[in-house]
Amino acid sequence: MATRSARRRRWRQFPAALALLSPSMVILGAFLLYPLGRAVWLGQQRCDVQGRNCVSIGWDQYTDTFMSSEFQHALWVTTKFALITVPLGLALGVGLAVLADKHLRGMAFFRAVFSSTVATSVAVTSLMWLFLLQPEVGALANVGWLSDLFPVIKSPGLLRDPGTALTSVALSSVWSSLGFTFILVTAGLQGIPDELFEAAAIDGASSTRRFWHVTLPMLGPTLLFVVIVLTTRAYQTYGEIDLLTSGGPKPYDSTMTLTYLTYGQDSIIRGNVGLQATTAVLLFVVLLGLSLLQLRGIGKRVHYGN
């Protein structure tokens, strides 16, 4: 009888719960589920070179696109970009946060400086780095001893050389996201009880051992979140690529990432709505897979470590 009455009570509460959830469901459906479903449907359309006269060919287009040399190249470039930006950005963010966590006079000023990049847009950041790296009038190119030590800075330029273009754009992206990482890690550090550090110090642990055996394990959930966000940002990077290199330098397409292949002005599939949707959906699948792997791999270590 008690079970039946509980079920009846839940069913009586169902209309009220549905009414409370309906605004969120409408927003979720309009801005997430419908665009995703529309993109999946468009991804089955094969269009002419002008993006017109589209015909549905089923799921074969996804397979053909994934196996194409252009997509594989863009996926490899994007992966290299992530392998540069994520570890470097995470290491710098954690290092600066640990330094700024000291209770010293004037440290609030340095915290403000370290976190300032979070308020800087991608466009502004890219233009700043363009003025630094531009070989004709750039600030770095006009430093004589530096250009003598690294001739590529002056000719052809870091953003124009196929071997350095991706790394140069990656440094711009790391600088842009540094404030975000710094703020999150700083918040995580402030949530660690001081008693843990005091107990470790009493046991004779050095500052290095306290960092590896107390700070990092306690920062595990924060670092997991930061890694997932930085990875997602790396695979979705577009603004820096568009403003600094436009997917080039040509003909090697050294910075042709998946997002630029999908939306770029110089992309070979520009204007082809079907292929653009296919590439966007495949990027979504790649990111979903990476996020699940990170949650299963790093997440388990964080769980067992705590």
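Our structure's up above, just so we're on the same page.
Residues numbered from 1 in each chain as written. Predicted model: local features only at pLDDT ≥ 70, side-chain atom pairs only at ≥ 80, totals over all residues. Heavy atoms only, no water.

*Asks:* What is the right way to look at the packing of aromatic side chains in this model?
*Replies:* Each aromatic ring pair is specified by the distance between its two centres and by the angle formed by the two planes. The tally for this structure, following the rule as stated, stands at five aromatic pairs. Aromatic pair Trp 59 and Tyr 62: ring centres 5.4 Å apart, planes at 35°, arrangement tilted. The interplanar angle of 20° and the centroid separation of 5.7 Å between the aromatic rings of Tyr 238 and Tyr 260 together place this pair among those described as stacked. One end of the pair, Tyr 238, is in the loop between α10 (220-235) and α11 (239-244); the other, Tyr 260, is in helix α12 (residues 258-263), with 22 residues separating them in the sequence. Its relative accessible area of 25% is what places Tyr 238 among the partly exposed residues. The exposure class assigned to Tyr 260 is buried, which follows from its relative accessible area of 0%. (Phe/Tyr/Trp six-rings, centres within 6.5 Å; stacked < 30°, edge-to-face > 60°. Helix = DSSP H or I, 4+ residues; strand = E, 2+ residues; numbered from the N terminus. Buried < 20%, exposed > 50% of the residue type's maximum accessible area, 1.4 Å probe, protein only.)

*Asks:* Any chance you could explain the pattern of salt bridges here in plain terms?
*Replies:* Two side chains bearing opposite charge may form a pair once their charged atoms approach each other closely. In the structure shown here, the tally under the stated rule is two salt bridges. Between Glu 240 and Arg 233 there is a salt bridge; the shortest N-O distance is 3.1 Å. With relative accessibility at 3%, the residue Glu 240 sits in the buried group. (Salt bridge = Lys/Arg side-chain N within 4 Å of Asp/Glu carboxyl O.)

*Asks:* So what exactly am I meant to see when it comes to the layout of surface pockets here?
*Replies:* Which parts of space are left empty comes out when a probe the size of a water molecule is rolled across the atoms. Each pocket or cavity is described by its volume, and for the largest pocket that value is around 500 Å³. In terms of lining, the largest pocket is formed by 15 residues, of which the most central are Val 98, Asp 101, Lys 102, Phe 197 and Thr 215. Looking at the lining of the largest pocket, the elements that each hand over two or more residues are α7 (165-190), α8 (194-202) and α9 (207-218). In terms of residue count, the dominant contributor to the lining of the largest pocket is α9 (five residues). Tallied by class, residues from the lining of the largest pocket come to five nonpolar, five polar and five charged. (1 Å grid on protein atoms, 1.4 Å probe; cavity = no way out; pocket = protein on both sides within 12 Å on 5 of 7 lines; lining within 4 Å. Points joined across faces, edges and corners; volume = space filled by probe spheres on them. Nonpolar A, V, L, I, M, F, W, Y, C, P; charged D, E, K, R; others polar.)

*Asks:* Looking at this model, I keep getting lost on empty space enclosed by the protein. Mind explaining?
*Replies:* According to the stated counting rule, one finds one cavity of 30 Å³ or more in the structure shown. Roughly 60 Å³ of internal volume is contained in the largest cavity. Surrounding the largest cavity, Thr 85, Val 86, Ser 173, Val 174, Ser 177, Leu 230, Arg 233, Ala 234 and Thr 237 form its lining. Contributing elements (two or more residues each) for the lining of the largest cavity: α3 (69-100), α7 and α10. In the lining of the largest cavity, the residues fall into four nonpolar, four polar and one charged.

*Asks:* Help me out: how do you make sense of the packing of helix α2 (residues 60-67) against α3 in this one?
*Replies:* Angle between the axes and distance between the axes are the two parameters that describe a pair of packed helices. Direction vectors running N to C along α2 and α3 enclose 60°, while the axes themselves pass 5 Å from each other. As the angle between them shows, α2 and α3 are arranged oblique. From α2, Thr 65, Phe 66 and Met 67 reach across to α3, where they touch Ser 69, Phe 71, Gln 72 and Leu 75. Class assignment of the residues belonging to the contact of α2 with α3 gives a composition of four nonpolar, three polar and no charged. (Axes fitted to C-alpha atoms, helices over the stretch in contact; angles between N-to-C directions. Parallel < 35°, antiparallel > 145°, perpendicular 65-115°, else oblique. Contact = heavy atoms within 4.5 Å.)

*Asks:* Sorry, what's going on with the side chain of Thr 257 here?
*Replies:* Among the structural elements, Thr 257 can be located in the loop between α11 and α12. Once you skip the residues sitting within four places of it in the chain, Thr 257 turns out to touch Ala 74, Val 77, Thr 78, Thr 237 and Ile 241.

*Asks:* Just checking my understanding: could you explain the packing of α3 against α7 for this structure?
*Replies:* At a minimum axis distance of 7 Å, the contact between α3 and α7 shows a crossing angle of 40°. Classified by the angle between their axes, α3 and α7 sit oblique to one another. For the crossing formed where α3 meets α7, the hand is right-handed. When the residues that make up the contact of α3 with α7 are grouped by side-chain class, the tally is 20 nonpolar, seven polar and one charged. (Left-handed = near helix turned anticlockwise from the far one by under 90°.)

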